[in-house]
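Here are the chains, one letter per residue:
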Amino acid sequence: MCALKGSSVELHSHYTHPAGLTVVKTFWFITSPSGREPDDLIQDERYRDRVNYTSNNKNNHTLSIKNLLLDDTNNYRFRFLTDSSGGKYSGVNLALSVTGLQVLVDPATVNERDRVILTCSTTCSLSNNPTYIWYRNSQPVTGKHTGDHRLHIYPASPEDAGKYSCAVEGHESLISPESPLNVLYAPRNTSVSVSPPADIKEGDSVTLTCSSDANPPVENYTWYSNASGSVSEWLQQEGIYNITNITVEHTGHYYCKAENKYGSSNSSAKYLDVQYSPRNTTVSISPPGDIKEGDSVTLTCSSDANPPVENYTWYSNTSGSVSEWLQQEGIYNITNISVAHTRHYYCKAENKYGSSNSSATYLDVQYSPRNTTVLVRPPGDIKEGDSVMLTCSSDANPPVENYTWYSNASGSVSEWLQQEGIYNITNITVEHTGHYYCKAENKHGSSNSSATYLDVQYSPRNTTVSISPSGDRQEGDSVTLTCSSDANPPVENYTWYKSDGNKTVLHRTERIPSFTLILVSGLDGLYHCEAGNEVGKENSTRVQVRFFLPDSGFYKIVLFPVLGAICAVVLLLVVLICWRRQQTTSTKASSSAHSKAQGSSNDICTVPTTTGTGQSAPAHCGGDDDDDVQYARVQFRMKNKEQAPAKPSSQEEDGDVQYASVQFKSNNQQNVTDDLPKTVEDVQYVSVQFKKSQPEPTVPESPQSITAQEETLYASVKHQGLSAATQAEGESDMYSNINKKPKP
């Protein structure tokens, strides 16, 4: 098998083995004359990553080798091992030859019109009769695909000269090294080039160069001139003819002759017309003066040239940028010019002999301020007390001459602030909240920025609490407490506190400013709220939440406690007097008097008074015996109120206690006697009780009425409310009962 270097190849093997044996390993190896156990080809470092095995269950095994090297030329054999120690078998040798391609040129150098044979050579014969592809100077030779490995060139021409290589079709990437073909020929395509170009400007230095295509190269160049149609004049024998400081006398035809050993060739005549290229090229602008956005501008290119300028080309560029072609006319018109036209403009003047560029003319398109904006520093939220800097920026040409600041807080008429580009506000307050804008001006006009809103944030202030509904409230009613506060941003949290004496406790925290309170015992007191936002907090003043028991009014809350206190003082005096009298008369009491005291009705001692003046009259005690008093009623008559006496309830005897008790009780207390008028709706009274465990030693005891038992004195102050009918008469009673009960 013959394969190309760099290609891939597959070697196939089919094997069988004796029955009863099991194949445990299959591999390929290179035939080795040493007779030792062969090595698996896939383990050979030379074949690393280039060898692959494939097999199937039909005992077929394939060796694949890619990127073939010339050193891969060798004999390859297949081998398999069985589970028997003697069961090792190898296939036959498969010879692989790896060849490269090489171009042989015969002859390598030929004269023009000679025959040439090129051969694509290999070291072995490639199978399948491949087609060969030929290349000259790395480019495919058109129509030069051959069925064999030879290429015939006849007659040879200068165009056939070059470096040749070949490849096999299907393996175009495996190209042979290049081999040169050299074709010898006399000079041809002889020409004269003028530098600078053929039409020369007076005073220039001109170089005439004779060029010719020849192999071998030209050995001799000869220059001739025939000015004004005269006979040719020999000039020199060199390839380059120099003329310095050319004048009009050099105008004429020039040609050269090129020679080598195979022949000679004359160039065509080159006419030197001593002229000059464009010079003094300039750009003029119309109209002159400042250019404002929206104007129409005309740019004109002018140049001195011989022959006259044939082409004008306009270009523009910004600072340092690549020039941009605009048009090829002598006049460049710009209508409705804009800031985008601000750049450098120049023109190029050309004739057939040369060109000249004008100097760049800068079009400075001026315009009134635009894109006027306000920048706030620092950015973000603005809190009361901060320092804020407002900067006015604007795009204008010429630059802005005047900046003017205005504010129009809350939609009011704009207020002038200052005429500077930067407006500083130190220690900003809520009064600075509002819209701010600036006005930028130059000589072409002005522009206002959009309004920037300064939202000055501050902590809650003017925090108050309101109660709804207003007026008197009873137990069980509901009231709504509302916390109001001025804050920016709005209050986020409302915290409520309740004060009771010197103690203030957290009551609740709300996200809304109001909450409803059901009036029950323990919820009266002083309330205040704390309003807070992200800037700070503030406490409101305290408000009193209070309520009355059902059907009670102003008298329970204000007047009754005051009158109760007055009654308590009066009762103390009456009790002391009665107690003193009882001590002095206790020895005169008889058993009949004692019996009478047990079974008879209680005598009444009445002390009338007027609540409006606080004056009292002497007490009058009814009954036959003033010294034997069981009860005393002290009545305080209010203005325009009828007396509403009531029989006090009897008191149970207490133990050995010494104390004074002042009690305020509502009309449902059990110690109000059943024989009170049915119109009585409300009773408040005070009981003052004096108890002693030992009788006074200075007062003699009566065997019939006084024992060694304890003696109790009672004082009772009662306020009885009247029914609606009685109250309509405008009267109410306050009275006191002083009860004296001996111990049994």
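In this text, all values refer to a predicted model and were calculated from it rather than measured experimentally. (Residues numbered from 1 in each chain as written. Predicted model: local features only at pLDDT ≥ 70, side-chain atom pairs only at ≥ 80, totals over all residues. Heavy atoms only, no water.)

### Description of the environment of valine 206
Along the chain, the position of valine 206 falls in strand β17 (residues 206–215). For the pair valine 206 and leucine 272, spaced 66 residues apart in sequence, the C-alpha to C-alpha distance is 9.7 Å. Beyond its immediate sequence surroundings of up to four residues, valine 206 is in contact with Val194, Ser195, Pro196, Ile200, Tyr241, Asn242, Ile243 and Ile246. (Helix = DSSP H or I, 4+ residues; strand = E, 2+ residues; numbered from the N terminus. Contact = heavy atoms within 4.5 Å.)

### Overview of the side chain of aspartate 40
Tracing the sequence through the fold places aspartate 40 in the loop between β3 (23–30) and β4 (51–55). No salt bridge forms around the buried aspartate 40; measuring N to O, its nearest opposite-charge neighbour lysine 25 is 4.4 Å away. A polar side-chain atom of aspartate 40 sits 2.5 Å from a polar atom in the side chain of tyrosine 53. In contact with aspartate 40, not counting residues within four places along its chain, are Lys25, Phe27, Trp28 and Tyr53. (Buried < 20%, exposed > 50% of the residue type's maximum accessible area, 1.4 Å probe, protein only. Lys, Arg positive; Asp, Glu negative; His and termini not counted. Salt bridge = Lys/Arg side-chain N within 4 Å of Asp/Glu carboxyl O. Polar contact = N/O pair within 3.5 Å; in protein donor to acceptor, adjacent residues only side chain to side chain.)

### Here we look at the pattern of salt bridges
Note on pairing: side chains with opposite charge can pair once their charged atoms come close. Enumeration over the complete set of coordinates arrives at 14 salt bridges. A salt bridge links arginine 343 to glutamate 324; its shortest N-O distance comes to 3.1 Å. Highlighted residues: arginine 343 in strand β30 (residues 343–351) and glutamate 324 in strand β28 (residues 324–327), separated in sequence by 19 residues. Owing to a relative accessible area of 42%, glutamate 324 belongs among the partly exposed residues under this scheme. Between glutamate 350 and lysine 348 there is a salt bridge, with the nearest N and O atoms lying 3.5 Å from each other. Several salt bridges converge on common partners, so that one network encompasses Glu159, Arg188 and Asp213.

### Looking at the state of the cysteines
In protein structure, a disulfide is the covalent linkage between the sulfur atoms of two cysteines. For the structure shown, the criterion picks out 6 disulfides. Each sulfur in the disulfide pair cysteine 392 and cysteine 438 lies 2.0 Å from the other. Note on the cysteine 392 and cysteine 438 pair: the S-S dihedral is about 70 degrees, so by sign convention the disulfide is right-handed. Here cysteine 438 lies in strand β39 (residues 434–442) and cysteine 392 lies in strand β35 (residues 388–397), a separation of 46 residues in the sequence. (Disulfide = S-S within 2.5 Å.)

### Things to note about unusual backbone geometry
Following serine 286, the chain continues into proline 287 via a peptide bond in cis, with omega recorded as -5 degrees. Note that proline 287 resides in the loop between β24 (276–286) and β25 (291–292). Even without a glycine there, the phi angle at asparagine 280 is positive, about 55 degrees. Inspection of the secondary structure assignment puts asparagine 280 in strand β24. The exposed category is assigned to asparagine 280, whose relative accessible area is 62%.

### Considerations on the packing of aromatic side chains
Inspection of the entire model under this criterion finds 17 aromatic pairs. Seen from their ring centres, phenylalanine 27 and phenylalanine 29 are 6.3 Å apart, and the 55 degrees between their planes marks the pair as tilted. Just as phenylalanine 27 is buried, phenylalanine 29 falls in that class too. The positively charged end of arginine 115 is found above the aromatic ring belonging to tyrosine 154, 4.4 Å away from the centroid. (Phe/Tyr/Trp six-rings, centres within 6.5 Å; stacked < 30°, edge-to-face > 60°. Lys NZ or Arg CZ within 6 Å of the ring centre and 35° of its normal.)

### Describing the pairing of strand β6 (residues 74–82)
Every other side chain in a regular strand lies on the same face of the sheet, so the side chains alternate between the two faces. Here 7 bridges tie β3 to β6, and the two strands are oriented antiparallel to one another. Bridge pairing in β6 links threonine 26 to phenylalanine 80. Bridge count between β6 and strand β8 (residues 94–99): 3 bridges; the pairing is antiparallel. Note that in β8 the partner of tyrosine 76 across the bridge is leucine 94. Bridge count between β6 and strand β7 (residues 88–90): 3 bridges; the pairing is antiparallel. (Pairing = 2+ DSSP bridges.)

### Quick notes on the side chain of lysine 498
Structurally, lysine 498 is set in strand β44 (residues 493–500). The exposure class of lysine 498 is buried, given its relative accessible area of 10%. Within the structure, lysine 498 has its side chain in polar contact with the backbone oxygen of aspartate 524 (distance 3.4 Å). Setting aside residues no more than four positions away along its own chain, lysine 498 makes contact with Lys503, Thr504, Val505, His507, Gly522, Leu523, Asp524, Leu526 and Tyr527.

### Considerations on the sheet that holds strand β43 (residues 478–488)
Spatially, the 4 strands line up as an open sheet ordered β34-β42-β43-β46, and their pairing is mixed. The open sheet terminates on both sides in strands that have one partner only, identified here as β34 (382–383) and β46 (514–518). Across 5 bridges, the pairing between β43 and β46 is antiparallel. The partner of leucine 481 across the bridge, within β46, is phenylalanine 515.

### Section: the sheet that holds β24
Spatial strand order, β24-β26-β29: 3 strands in an open sheet with antiparallel pairing. Because the sheet does not close on itself, it has two edges, and the strands there are β24 and β29 (331–334). Averaged over neighbouring strand pairs, the angle between their axes works out to 10 degrees when direction is ignored. As judged from the 7 bridges shared by β24 and strand β26 (residues 297–306), these two strands associate in the antiparallel manner. Of the residues in β26, the one forming a bridge with serine 286 is threonine 298. (Axes fitted to C-alpha atoms, helices over the stretch in contact; angles between N-to-C directions.)

### Topic: the confidence of the model for the chain
Looking at the chain as a whole, the pLDDT averages 76, with 74% of positions reaching at least 70. Segment residues 587–744: pLDDT under 50, and 329 contacts once partners within four positions in sequence are set aside and those in other chains are kept. (pLDDT = per-residue confidence, 0-100.)

### Let's talk about the nonpolar core
Counting 24 residues, the largest nonpolar core has Val103, Val116, Leu118, Trp134, Ile153, Tyr164 and Leu181 as its most contacted members. If you list the elements that add at least two residues to this core, you get β1 (2–4), β9 (102–106), β11 (116–121), β12 (132–136), β14 (150–153), β15 (162–168) and β16 (179–195). Those residues in contact with tyrosine 164 that lie beyond four places of it in its chain are Val103, Leu118, Tyr135, Arg136, Val141, Leu151, Ile153, Pro177, Glu178, Ser179 and Leu181. Of all hydrophobic cores here, the second largest spans 21 residues; its members include Val9, Phe29, Tyr53 and Leu63. (Core = buried A, V, L, I, M, F, W, Y, C linked by side-chain atoms within 4.5 Å.)

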